[in-house]
There are 2 protein chains.
Amino acid sequence: MKNNDISFFFNPKSVAIIGASPVAGKLSNVIMNSLKDIGYPGKMYPVNPKYESIDGMECYQSVADIKDNVDIAVFCIPASTVLDAMEDAVKKGVKGAIIVSAGFKETGQEGAVLEEKLKKISNETDIRIMGPNCLGVFDNISKIDTFFILRERVKRPPAGGLSILSQSGSFAGTIMDELSAEGLGVAKIVNYGNRIDVGESDCLEYIVGDKSTRVVGLYMESVDDGKRFIEAARRCAAKKPVFAIKVGRHEAGISAARSHTGAIAGRYEIYSAAFKKAGIIAVKDYSEFLDACKVLSKHETAGGRKVLIITDGGGMGASIADACGDLGLAVAEPSRKMKDTLASKLPPFCAVENPIDLTGSVSDKDYVMVLKEAMSEYDLAIVMVLWGPPLLTDRLIKMLKDASVEIGKPVIICSPGGEYSRKRNRMFEEAGLPVFSSPEEAARAAAVLARSR
Amino acid sequence: MKNNDISFFFNPKSVAIIGASPVAGKLSNVIMNSLKDIGYPGKMYPVNPKYESIDGMECYQSVADIKDNVDIAVFCIPASTVLDAMEDAVKKGVKGAIIVSAGFKETGQEGAVLEEKLKKISNETDIRIMGPNCLGVFDNISKIDTFFILRERVKRPPAGGLSILSQSGSFAGTIMDELSAEGLGVAKIVNYGNRIDVGESDCLEYIVGDKSTRVVGLYMESVDDGKRFIEAARRCAAKKPVFAIKVGRHEAGISAARSHTGAIAGRYEIYSAAFKKAGIIAVKDYSEFLDACKVLSKHETAGGRKVLIITDGGGMGASIADACGDLGLAVAEPSRKMKDTLASKLPPFCAVENPIDLTGSVSDKDYVMVLKEAMSEYDLAIVMVLWGPPLLTDRLIKMLKDASVEIGKPVIICSPGGEYSRKRNRMFEEAGLPVFSSPEEAARAAAVLARSR
């Protein structure tokens, strides 16, 4: 039985770069820069028989020549040469390998044979293997970054409580980039690619006890061991929200998933059932995954699915109601008594059903009044702010944040529009309120919090 | 029988502002500024017994005192005073009234009585009425803008071929703002609010012959005369693409739509059938409406629903395939012969199914080669560009545009990500290619072009 502890991947004292190169743009060179740029605090050992030193560091002929212990080795060499180098790493007693190299099962028969041999080494020895065909580990807390993506092209996000576990490298990289642009805080992003050894279950087992991770997003094309996965996910979801996307819902998607990480994607319904069983919040697609990242970075999940909609534009409010209905949220009217209270405090042309329509005559305090009064009857709120109405001021942003704190229930902002709105959306984000730029995104975020899917 | 020609709303030689005010921020003042700012070329006549002149213009006691003919009168006075002013306008022979004022059917019983009286005037006289409770007309070609939304808050879009007809004012204003931010060109935006007279059918009949409008987007909460609408829409859709959203798909949405423009929203299925009959492209929600605006501004509709997906990231490509499957697009594999051709021209680790996965080793010319080779077997393409791969350059943007022109079939770009991608998305837009930042948006745009819903 192998050691299930994979924590050394997330706080290695030493990293060997197998196939290190001084040539800018080469995989290994990008990775060494990623490690430097994040401020990796441990020791880095370049390994490549072609060089004596790289960037002022001694370069080793083989991993065996390194005198120090090596916690993890990052393989950036052609697929055909990985097996030999892996034997060296095993002999050296390296704890973990991250095989960045592509050219395995995802490319056909020849690669599949190589991958089987690699799997055999993994099964028969103590080394834990991440990959092949992967980006590896980005850890914003312990400061490790093995992603071979140029920082000029894909920015790294600030530190925070969100961790992403992904089978797909392009998904991991793209989400990283989106989160950076949105200013959302990330603890870890892990990409295990073809997953011959370390996969979602190992990572979930590790992350359940990881104090820096407050919420977990999971991208799956397939699962290796269904039973173990459900067990690991259930334990993790009991401690922190876990949401997951399963790609390959249609025949075409399944075929795409198969060719790119060599995975056999199972039927979607099976995954839906497994997610439910494990207490995972299922998200349908990329957009919803992003919505979940945003909203769960700011709010705990909601106590139920009764959503209050407040708007200052009737038609746009109706679109939110439609979208909420699509997602199984309950857009119930306020009680008779509540309606009377609201009506007594608002101008006669306001609608006090749900959506509450404050109309173009709205002022900042109307929003706050409705939130404070009506939220006793709801689990969460979507507040639509269209900035056209002339009485609205930027003070509304802080007022809504304060009200949401006072109420203690999730408040989601929906503010579509152009330049003026987009600038204020950034201010909402900075104030700590999740903000979305379409009725559908806001409704999806609400559905995530209400776990209404 | 009334005159169905409503063209004077779109090129009035003279506009009277009933209730004109020199006070900044007042409805009428905002509207006068809107007209000035767009460069309205006709005559403007302020009307208000309280003032002798406003902003250097003579101010009239009543519309009757204006010596010139008055093509349209914009009513910015309290609902209770609209009837009297309307009698004056009718006597004066004003051709069209835009009643901006709220406080009619949408606010309850009292307002409903007022609205009925207004309707009676409309039925018994020659005047055509837009509103009440509306923004009126924004015409980017003839230069008229009666929208009482501050330009500082909601920017006006550049001139172009897209026209929007909307029952909802907040929808019209928000879409206007989004289109401005996206740099999409607009011909007209019309909002008729409570629609006691001029509505979607009149506008469609006018717009069918409007040379400046190339594509029409329609926002509906309800319909006044179903038969006439289908007839008008069918004639319009035969000449230019018409897409439509029907809000109020669920009970809550229906209730919201009713309270805000006083409309009775019918069952969604009836609208779906009507849209189909009229040849209208149905869009489901706000986000999809925006996608349709973007993609139909750049492309004609597609010949069928066979979509080619090209990607440089397998997992992200799989998400596009999933989204296309959801929307009824056909993600079919290339023919055996085509696969062989593609495989012979690409590195062995590329997947030549559909999606075609060019992987992180992609270079600019790979995209173009695949497009030119494979598009003979497809109706349209979604090209995903993740900018991480180091060999990709900004030249790709023009190369893809040129290829799409040469092929003569729609090419949709999908490029999610952060700052680096978002900057390039703007470059794609400027090059004339529609670009979307999620797999789901790109797939929805493709479905709009393929009319696959």
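Residues numbered from 1 in each chain as written. Chains lettered and ligands numbered in written order. Predicted model: local features only at pLDDT ≥ 70, side-chain atom pairs only at ≥ 80, totals over all residues. Heavy atoms only, no water.

A.B. asks: For this particular structure, what's the right way to read the overall build of chain A?
C.D. replies: If you tally the helices and strands in chain A, you get 15 helices and 19 strands. In terms of C-alpha radius of gyration, chain A reaches 25 Å, essentially the compact-globule figure of 22 Å for 453 residues. Looking at chain A residue by residue over its 453 residues, the buried ones come to 64%. In chain A, the share of contacts with a sequence separation of at least 24, taken over all contacts with a separation of at least 6, comes to 74%. Approximately 16,300 Å² of chain A is accessible, and the part contributed by carbon and sulfur atoms is 51%. (Helix = DSSP H or I, 4+ residues; strand = E, 2+ residues; numbered from the N terminus. Rg over C-alpha atoms; globule rule 2.2 N^0.38 Å. Buried < 20%, exposed > 50% of the residue type's maximum accessible area, 1.4 Å probe, protein only. Contact = heavy atoms within 4.5 Å. Areas by Shrake-Rupley, 256 points an atom, 1.4 Å probe, with all protein chains shown as cover.)

A.B. asks: Quick question: what am I supposed to make of the interface of chain B and chain A here?
C.D. replies: Each partner contributes to the interface: chain B provides 68 residues, whereas chain A provides 67 residues. Taken together, the links from chain B to chain A amount to 12 salt bridges. Salt-bridge contacts for A:Asp326 lead to B:Arg249; the nearest nitrogen and oxygen are separated by 2.8 Å. Taken together, chain B and chain A are joined by 36 residue pairs in polar contact (both at pLDDT 80 or more). Elements supplying a minimum of two residues to the side of chain B that touches chain A: α4 (169–182), β13 (242–246), α7 (251–261), α9 (286–298), α10 (314–326), α14 (419–431) and α15 (439–450) of chain B. Tallying contributions element by element places α10(B) first for the side of chain B that touches chain A, with 10 residues. Of the residues assigned to the side of chain B that touches chain A, the class counts are 27 nonpolar, 23 polar and 18 charged. (Salt bridge = Lys/Arg side-chain N within 4 Å of Asp/Glu carboxyl O. Polar contact = N/O pair within 3.5 Å; in protein donor to acceptor, adjacent residues only side chain to side chain. Nonpolar A, V, L, I, M, F, W, Y, C, P; charged D, E, K, R; others polar.)

A.B. asks: Just to check I follow, could you spell out the side chain of B:Arg249 for this structure?
C.D. replies: With respect to the element layout, B:Arg249 can be found in the loop between β13 and α7. Given a relative accessible area of 15%, B:Arg249 falls into the buried group. Among the polar contacts listed, one links the side chain of B:Arg249 to the side chain of A:Asp326, at a separation of 2.8 Å. Setting aside residues no more than four positions away along its own chain, B:Arg249 makes contact with A:Asp322, A:Ala323, A:Asp326, B:Tyr268, B:Lys284 and B:Asp285.

A.B. asks: Quick question: what am I supposed to make of the relation of the copies chain B and chain A here?
C.D. replies: The pair of chain copies shares a relation made of a rotation about an axis and a shift along it. Under the fitted operation, chain B is carried onto chain A by 0.0 Å of movement along the axis and a turn of 180 degrees, and the coordinates agree to an RMSD of 0.0 Å. Expressed as an axis order, the relation between the two copies is that of a two-fold axis. A share of 99% of the interface residues of chain B reappears at the interface of chain A, consistent with the copies meeting face to face through the same patch. (Least-squares fit on C-alpha atoms with pLDDT ≥ 70 in both.)

A.B. asks: Would you take a moment to explain the sheet that holds strand β8 (residues 136–139) of chain B for this structure?
C.D. replies: For sheets, the rule is that strands pair by backbone hydrogen bonds, running either parallel or antiparallel. Residues and elements named next belong to chain B. Sheet architecture is open: 7 strands sit in the order β9-β8-β11-β10-β12-β13-β14, paired in mixed fashion. Only two strands of the sheet have a single partner each, and these edge strands are β9 (144–145) and β14 (281–283). With 2 bridges joining them, β8 and β9 adopt antiparallel strand pairing. Bridge pairing in β9 links Phe-138 to Asp-145. (Pairing = 2+ DSSP bridges.)

A.B. asks: Whenever I open this one, the packing of aromatic side chains confuses me. Can you help?
C.D. replies: The geometry of an aromatic ring pair comes down to the distance between the two centres and the angle between the two planes. All names here are of chain A. What the rule picks out here adds up to 24 aromatic pairs over all chains. Judged by centre distance (6.2 Å) and plane angle (65 degrees), the rings of Trp-387 and Tyr-420 are edge-to-face. In this pair, Trp-387 sits in the loop between β17 (380–384) and α13 (395–407) while Tyr-420 sits in helix α14 (residues 419–431), placing the two residues 33 residues apart along the sequence. Its relative accessible area of 2% is what places Trp-387 among the buried residues. Through a chain of ring-to-ring contacts, three or more aromatic side chains come together here, namely Phe-171, Tyr-219, Phe-243, Tyr-286 and Phe-289. Of note, Arg-424 hangs over the ring of Trp-387, and the distance from its end group to the ring centre comes to 5.9 Å. (Phe/Tyr/Trp six-rings, centres within 6.5 Å; stacked < 30°, edge-to-face > 60°. Lys NZ or Arg CZ within 6 Å of the ring centre and 35° of its normal.)

A.B. asks: So what exactly am I meant to see when it comes to the sheet that holds strand β12 (residues 215–220) of chain A here?
C.D. replies: All names here are of chain A. Read across the open sheet, the 7 strands follow the order β9-β8-β11-β10-β12-β13-β14; overall the sheet is mixed. The sheet is open, and its two edges are formed by β9 (144–145) and β14 (281–283), each paired on a single side. Relative to strand β13 (residues 242–246), β12 is paired through 5 bridges, and the arrangement is parallel. Bridge pairing in β13 links Val-216 to Val-242.

A.B. asks: Please clarify how the state of the cysteines should be interpreted in this entry.
C.D. replies: Note: disulfide means a covalent bond formed between the sulfur atoms of two cysteine side chains. Residues and elements named next belong to chain A. For the structure on display, the rule yields 0 disulfides over all chains. We note that Cys-59 lacks a disulfide partner, and the nearest cysteine sulfur, in Cys-76, lies 12 Å from it. Under the relative-accessibility criterion, Cys-59 is labelled buried at 6%. (Disulfide = S-S within 2.5 Å.)

A.B. asks: Is there a simple way to think about the packing of helix α6 (residues 226–239) of chain A against helix α8 (residues 268–278) of chain A in this case?
C.D. replies: When two helices pack together, their arrangement is given by the angle between their axes and by how far apart the axes lie. Residue and element names in this part refer to chain A. Where α6 meets α8, the closest approach of the two axes is 8 Å, and the angle between their N-to-C directions is 40 degrees. Between α6 and α8, the angle falls in the class oblique. Taken together, the residues of α8 that come into contact with α6 (itself represented by Phe-229, Ile-230, Ala-233, Arg-234 and Ala-237) are Ala-274, Phe-275, Lys-277 and Ala-278. Here the contact of α6 with α8 is built from residues that sort into 7 nonpolar, no polar and 2 charged. (Axes fitted to C-alpha atoms, helices over the stretch in contact; angles between N-to-C directions. Parallel < 35°, antiparallel > 145°, perpendicular 65-115°, else oblique.)

A.B. asks: Help me out: how do you make sense of the confidence of the model for chain A in this one?
C.D. replies: Chain-level pLDDT for chain A is 94 on average; 95% of the residues reach the 70-or-more range. Interface confidence for the predicted complex, given as ipTM, is 0.93, next to a pTM of 0.94. (pLDDT = per-residue confidence, 0-100.)

A.B. asks: So what exactly am I meant to see when it comes to the environment of A:Gly315 here?
C.D. replies: Tracing the backbone through its elements, the reader meets A:Gly315 in helix α10 (residues 314–326). Distance in space between the C-alpha atoms of A:Gly315 and A:Ser212 is 42 Å, their sequence separation being 103 residues.

A.B. asks: Explain the environment of A:Glu116 to me, please; I cannot follow it from the model alone.
C.D. replies: Mapped onto the elements, A:Glu116 comes out in helix α3 (residues 109–124). Taking the C-alpha atoms as reference, A:Glu116 lies 9.1 Å from A:Phe104; in sequence the two are 12 residues apart.

A.B. asks: Help me out: how do you make sense of the environment of B:Met86 in this one?
C.D. replies: All names here are of chain B. Tracing the sequence through the fold places Met-86 in helix α2 (residues 79–92). When its relative accessible area of 0% is taken as the criterion, Met-86 is described as buried. Contact partners of Met-86, with chain neighbours within four places excluded, come to Phe-75, Ala-97, Ile-99, Leu-118, Ile-121, Ile-127 and Ile-129.

A.B. asks: Hey, could you run me through helix α8 (residues 268–278) of chain B in this one?
C.D. replies: All names here are of chain B. All of the buried residues along α8 are Tyr-268, Tyr-271, Ala-274, Phe-275 and Ala-278. For α8, the arc enclosing every buried residue in end-on projection is 120 degrees, short of the 170-degree limit, so these residues lie on one face. α8 presents Ile-270, Lys-276 and Lys-277 as exposed residues on the side facing more than 90 degrees away from its buried surface. Where the residues of α8 are buried, they touch β12 (215–220), α6 (226–239), β13 and β14. With its phi angle positive at about 80 degrees, Gly-279 sits one or two positions after the end of α8. (Arc of directions from axis to C-beta.)

A.B. asks: What should I look at first to understand the side chain of B:Ser222 in this one?
C.D. replies: Tracing the chain through its elements places B:Ser222 in the loop between β12 and α6. At a separation of 2.9 Å, a polar atom in the side chain of B:Ser222 contacts the side chain of B:Gln167.

A.B. asks: Would you take a moment to explain the pattern of salt bridges for this structure?
C.D. replies: Opposite charge on two side chains lets them pair, provided their charged atoms get close. All names here are of chain A. Following the criterion strictly, the structure yields 66 salt bridges over all chains and no others. For the salt bridge of Arg-128 with Asp-197, the shortest nitrogen-to-oxygen distance reads 3.0 Å. Residue Arg-128 is found in strand β7 (residues 128–130), and its partner Asp-197 is found in the loop between β11 (186–191) and α5 (200–207); the two are separated by 69 residues along the sequence. Since its relative accessible area comes to 4%, Arg-128 is described here as buried. For Asp-197, a relative accessible area of 14% puts it in the buried group. One connected set of salt bridges, linked through shared partners, spans Arg-128, Asp-197, Asp-202, Glu-205 and Arg-228.

A.B. asks: How should the packing of helix α13 (residues 395–407) of chain B against α14(B) be read in this particular structure?
C.D. replies: Residues and elements named next belong to chain B. Across the interface, α13 lies against α14 with an axial gap of 10 Å and an inter-helix angle of 30 degrees. The way α13 lies across α14 gives a crossing that is right-handed. On α14, the residues touching Ile-397, Leu-400 and Lys-401 of α13 are Arg-424, Met-427, Phe-428 and Ala-431. A class-by-class count of the residues in the contact of α13 with α14 yields 5 nonpolar, no polar and 2 charged. (Left-handed = near helix turned anticlockwise from the far one by under 90°.)

A.B. asks: What should I look at first to understand unusual backbone geometry in this one?
C.D. replies: What is expected of a backbone is that most residues other than glycine have negative phi and most peptide bonds are trans. Cis rather than trans, the peptide bond between A:Asn354 and A:Pro355 has omega equal to 5 degrees. For A:Pro355, the position within the fold is in the loop between α11 (336–345) and β16 (356–357). Here A:Arg195, not a glycine, exhibits a phi torsion of approximately 55 degrees, which is positive. Backbone geometry at B:Lys143 places phi at a positive 70 degrees, although glycine is not the residue there. Locating B:Lys143 in the fold gives a position in the loop between β8 and β9.

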